[in-house]
Amino acid sequence: MFTRLAQQHREFVQDLVMNLQALATVLENRGFLASCYTCGSQLNSASFMVSLGENHLIRFLVSDYGITWTEMRDDRELMKLEGAEAISQLEELANLIKVPAPVFTGAQTKADRPALLTV
């Protein structure tokens, strides 16, 4: 039983890491600064970060040791969630990007673009 649960957990983490990589790509395509770094090819951990505007940063970490969502503004931690709550917050971020992206002209800067989340 425990071997099966361990394997399911590894598969869950791998799926989550792949989704974080895709989310970072979509956010980058929308003009946001986003990244997702993994260690090795096993996809057993990742560090996902996105800047949602001036001094507004989201960091999502996933590994075999746990899952955390940290939201910061002006270098101050606003919110830190773990486990299922962290994943729920990530889902909210993913749902926000499902809205069609507005068309930006070359004259607009990233500062002119709307933020995904407001706190």
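Counting restarts for each chain, with residues numbered from 1 along the sequence as it is written. Totals for whole chains, interfaces and linings use every residue, but because this is a predicted model, local features are given only for residues with pLDDT of at least 70 and side-chain atom pairs only at 80 or more, for both listing and counting. Side-chain metrics rest on all non-hydrogen atoms present in the structure, leaving aside hydrogens and water.

Asks: How would you sum up the environment of Ala 94? Please name residues and give values.
Replies: Each helix is a run of H or I in the DSSP string that is no shorter than four residues. Each strand is a run of E no shorter than two, and both are numbered from the N terminus. For Ala 94, the position within the fold is in helix 2 (residues 83-96). Distance from Ala 94 to Asn 19, taken between C-alpha atoms, is 9.8 Å for residues 75 residues apart in sequence.

Asks: Describe the sheet that holds strand 1 (residues 33-38), listing the residues and the values that go with them.
Replies: Backbone hydrogen bonds hold the strands of a sheet together, and the pairing may be parallel or antiparallel. At least two DSSP bridges between two strands are required for those strands to pair. Judged by pairing direction, the sheet is antiparallel, and its 5 strands sit side by side in the order 1-2-3-4-5 without closing on themselves. Strands at the two margins of the open sheet, each flanked by one partner only, are strand 1 and strand 5 (76-82). Across this sheet, the average inter-strand angle for adjacent strands is 10°, counted without regard to direction. Judged from the 8 bridges that link them, strand 3 (residues 56-63) and strand 4 (residues 66-73) form a sheet pairing that is antiparallel. Across the sheet, the residue bridging to Ile 58 is Glu 71, located in strand 4. Lines fitted to C-alpha atoms define the axes here, with helix axes fitted over just the stretch in contact, and angles between the N-to-C directions of these axes take values from 0 to 180 degrees.

Asks: Go over the packing of helix 1 (residues 2-29) against helix 2, please, and point to the residues and values.
Replies: Orientation of helix 1 relative to helix 2, taken along the N-to-C sense of each, is 30°, at an axis distance of 12 Å. By the angle between their directions, the pair helix 1 and helix 2 is classed as roughly parallel. You can see that helix 1 and helix 2 cross each other, and the crossing is left-handed. Within the contact between the two elements, helix 1 uses Phe 12, Leu 16, Leu 20 and Leu 23 and helix 2 uses Ile 87, Leu 90, Leu 93 and Ala 94. In this scheme, roughly parallel covers angles under 35 degrees and roughly antiparallel covers those over 145, while 65 to 115 is roughly perpendicular and the rest are oblique. When the near helix sits turned anticlockwise from the far one by under a right angle, the crossing is termed left-handed; a clockwise turn instead gives a right-handed crossing. Residue contacts are counted whenever heavy atoms from the two residues lie within 4.5 Å of one another.

Asks: Which residues make up the pairing of strand 2 (residues 46-53), and what are the values?
Replies: By the bridge criterion, 6 bridges tie strand 1 to strand 2 in an arrangement that is antiparallel. Within strand 2, the position partnered with Thr 38 by the bridge is Ala 46. Here strand 2 runs beside strand 3; their pairing, made up of 7 bridges, is antiparallel. By the bridge assignment for strand 3, Phe 48 is matched with Phe 60. Here strand 2 folds back onto strand 3 in antiparallel fashion, the turn holding 2 residues, of which Asn 55 has a positive phi close to 60°.

Asks: Run through the nonpolar core, naming residues and quoting values.
Replies: Formed by 25 residues in total, the largest nonpolar core has its most connected members in Leu 20, Phe 48, Val 50, Phe 60 and Val 62. Sorting the residues of this core by element identifies helix 1, strand 1, strand 2, strand 3, strand 4 and helix 2 as the ones contributing at least two each. The element that contributes the greatest number of residues to this core is helix 1, accounting for 7 residues. For Val 50, the contacting residues outside a window of four places in its chain are Leu 27, Phe 32, Leu 33, Ala 34, His 56, Leu 57, Ile 58 and Leu 93. Here the nonpolar core consists of buried residues drawn from Ala, Val, Leu, Ile, Met, Phe, Trp, Tyr and Cys, with membership extended through side-chain atoms lying within 4.5 Å. Exposure classes here rest on a 1.4 Å probe applied to the protein chains alone. A residue is buried below 20% of its type maximum, exposed above 50%, and partly exposed in between.

Asks: How would you explain the side chain of Gln 89 if you had to name every residue and give the values?
Replies: Relative to the elements of secondary structure, Gln 89 occurs in helix 2. Residues within four places of Gln 89 in sequence aside, it is in contact with Trp 69, Met 79 and Leu 81.

Asks: A description of unusual backbone geometry should follow, citing residues and the corresponding values.
Replies: Positioned with a positive phi, Leu 43 is a non-glycine residue whose angle comes to about 55°. The backbone of Asn 55 shows a phi angle near 60°, a positive value even though the residue is not glycine. With respect to the helices, strands and loops of the structure, Asn 55 is situated in the loop between strand 2 and strand 3.

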